[in-house]
Every structure is written in structure tokens, then in C-alpha cells.
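For reference, the chains in residue letters:
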Amino acid sequence: MTIHSGTRRLISPLLAAALALLAVVAVSGTAQASAYRYWSYWQGSTGTWVAAMTGPGDYSVVDRDVQGWRFGITADLPSVPPDNSPDFATLCPQLAADTPPAGAVRVAVVVDAGFVADAPSGQVPPADSISCVTVPEGASGNQALAAAVSVTDEQGLVCSIGGYPQGECTSEVADADAAAAAQAAKQESANPATPGASQTSAATESAGNPLGAWAPVAGIAAVAALVVATVAVVRSRRRPESE
């Protein structure tokens, strides 16, 4: 799926409007917040995980970048990052020791499938993984993820990474179930991936066409899309009450 430049320019104002509207709904106290189970998108190039507030298609990775994805149940903005610390040299020691080819950048992609308590019924989260990829300069967060692992998406939402989860895409979770999952998760231990265990290098394109076939895969970030989806759900539920 290709996201045209005009569409990308609309994402930031759309997200800002959605956040503002969500804040109004939150402080009004008249609507009950809903939780969602989804993949949240994180950036760690500074050495600290930060929940991304822009889509991975709008973010251009830099050399020695660290990109993170965490699956879980979230009622508000994401607050639980991947288990591994976002240090490129620790995550990808072999790639860190190499010199990137001309026109390419090195990226660590951390995928954390979260706790058993957050998993859909009947499914078990796979082990966390670290992929160390080399992508062309100017590649997006989407492209780095696609170079690291298989991805499925639906209308711009990242549905599954590495085949997990199956049969759902950003599903709404009842507040009681979300609370129970949060309580159960407190009893689970973190299970970070072993740094250096997964090393993947993607070939770069020629300097004349640095992006080549690196078409965006996942679309809008799960974070931004979730905010918009949450607002839509809340508004649709409140409308009949006011009519």
C-alpha cells in the first residue's frame, strides 16, 4: 500500500485534532474510556524509549536507530515499552562494529509481543525478537519493520507482526477485562530477547534510486490510528444519547 505525500501531510493535523477531542471527552466524565489491544510504536534513537506520536511512514530512520513495537492492552496512550533497552550497540553488536555501505543506515528493530495476560484468547505471545537491518538512507519506520519481519495491515493499522496476533486487528477490550489483564501482567516477568541473537541484513538499492522497492507497508502508526479509532468509537456511542 502506498501512502501519497498529500495523505501524509494530513496525518499530523488529524492526530492533533483527535488528541484535542479525546482530551475533551476524557475531562467531561460523561463517556467511559475503552481499552484496545494493539501494537504500539516506539522510538529509541536517544537511548530511551519514547512512544511515537507520528506514524512510522512519516519517520525517516537514521544510522544506528532503534525502532520498537510492543503488543498489549492500552486504555490511554502507550506506557509500556519493549523489554529490551534501546541501545543500538548492545542490541546489534555485530552490525555496530561494521561500517554501513554508502547510502545506507543501520537499524535495530525490537518486537515485543507483550504479556500472556494481554494475548487474545487461545493465543500465546511469541518470544521477543531483535532484528538488525541495513536499509537505504531515507527509509521510513515502516520500511525498517518490513525489512525485519513479516507484517500485515488493515486500512493503515498494523494488525500482526511476525504472524501475531491472529484473527484480529486493534480489538476493543472491555474495561473489566483490561483491568484484569493489567493485574495479571503484574505477576509476569519481563522476557527480553537476547541481544545479537537475531541478525538480519537487508540489501540496499542503488544511489540513483535509494528507496527502490521499499514501499510503505503498515501505513499510519498504531498509536495515531488508535487515537483516531478511539475518538470515532466514543463519538458513535455518544451520538444516540444526545439525539
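The rules behind the values
- Residues numbered from 1 in each chain as written.
- Predicted model: local features only at pLDDT ≥ 70, side-chain atom pairs only at ≥ 80, totals over all residues.
- Heavy atoms only, no water.
- Salt bridge = Lys/Arg side-chain N within 4 Å of Asp/Glu carboxyl O.
- Helix = DSSP H or I, 4+ residues; strand = E, 2+ residues; numbered from the N terminus.
- Phe/Tyr/Trp six-rings, centres within 6.5 Å; stacked < 30°, edge-to-face > 60°.
- Buried < 20%, exposed > 50% of the residue type's maximum accessible area, 1.4 Å probe, protein only.
- Core = buried A, V, L, I, M, F, W, Y, C linked by side-chain atoms within 4.5 Å.
- Contact = heavy atoms within 4.5 Å.
- Pairing = 2+ DSSP bridges.
- Disulfide = S-S within 2.5 Å.

Caption draft 1: Region of interest: the pattern of salt bridges. Here the structure, examined in full by the defined rule, presents four salt bridges. In this structure, R37 and E168 form a salt bridge, with 2.8 Å as the shortest nitrogen-oxygen distance. Here the residue R37 occupies a position in strand β1 (residues 35-43), and E168 occupies one in the loop between β7 (157-161) and β8 (171-173), the gap between them amounting to 131 residues. When the shortest N-O distance is used, the salt bridge between R70 and D83 registers 3.1 Å. Highlighted residues: R70 in strand β3 (residues 65-74) and D83 in the loop between β3 and α2 (88-91), separated in sequence by 13 residues.

Caption draft 2: Up close: the packing of aromatic side chains. Inspection of the entire model under this criterion finds four aromatic pairs. A centroid spacing of 5.3 Å and a plane angle of 55° characterise the contact between W39 and F71, whose relative ring orientation is tilted. Taken together, the positions of W39 in strand β1 and F71 in strand β3 put the pair 32 residues apart, joining distant regions of the chain. Grouping residues by exposure puts W39 and F71 together as buried. Both rings, one in F71 and one in Y164, keep their centres 5.1 Å apart while their planes meet at 70°; by these two values the pair is edge-to-face.

Caption draft 3: Layout of the nonpolar core. In this structure, W39, V61, V107, V109 and V135 are the most contacted members of the largest nonpolar core, which totals 24 residues. Going through the elements one at a time, β1, β3, β4 (104-112), β5 (129-136), α4 (141-148) and β7 are the ones with two or more residues in this core. V61 has contacts with Q67, V105, V107, V135, A139, S140, G141 and A144, leaving out every residue within four places of it along the chain. If you look at the next biggest cluster of nonpolar residues, it comprises 13 residues, including W49, F88, L95 and A108.

Caption draft 4: Looking closely at unusual backbone geometry. Geometrically, the link from Y164 to P165 is a cis peptide bond, its omega value of -5° lying close to zero. Its place among the elements puts P165 in the loop between β7 and β8. Phi angles above zero are rare outside glycine, and R64 is one such case at about 70°. As for its placement among the helices and strands, R64 is situated in the loop between β2 (50-51) and β3. A relative accessible area of 35% places R64 in the partly exposed class. A positive phi angle, close to 50°, is found at T170, a residue other than glycine. Looking at the element boundaries, T170 is found in the loop between β7 and β8.

Caption draft 5: Spotlight on the pairing of β1. Of all nine residues making up β1, nine are buried, and the element is well covered by its neighbours. As paired strands, β1 and β8 are joined by three bridges and run antiparallel to one another. By the bridge assignment, A35 is partnered in β8 with V173. Across two bridges, β1 lies against β2 in antiparallel orientation. Bridging from a neighbouring strand, Q43 pairs with V50 of β2. Hairpin remark: β1 followed by β2, antiparallel, with six residues in the connecting loop; positive phi at G47, about 95°.

Caption draft 6: Inspection of the state of the cysteines at higher detail. Considering all chains together, one arrives at two disulfides under this definition. Here C92 pairs with C132 through a disulfide, and the sulfurs are 2.0 Å apart. Sign of the S-S torsion, about -90° for the bond between C92 and C132, identifies this disulfide as left-handed. In this pair, C92 sits in the loop between α2 and α3 (93-97) while C132 sits in strand β5, placing the two residues 40 residues apart along the sequence. Both residues of the pair, C92 and C132, belong to the buried class. Each disulfide pairs two cysteine sulfurs, and for C159 the partner residue is C169, the sulfurs being separated by 2.1 Å. In this structure, the disulfide formed by C159 and C169 twists by about -70° around the S-S bond and is classed as left-handed. Of this pair, C159 sits in strand β7 while C169 is found in the loop between β7 and β8, placing the two residues ten residues apart along the sequence. Each member of the pair, C159 as well as C169, is classed as buried. The disulfide pattern of the chain is 1-2, 3-4 when the bonded cysteines are numbered in sequence order.

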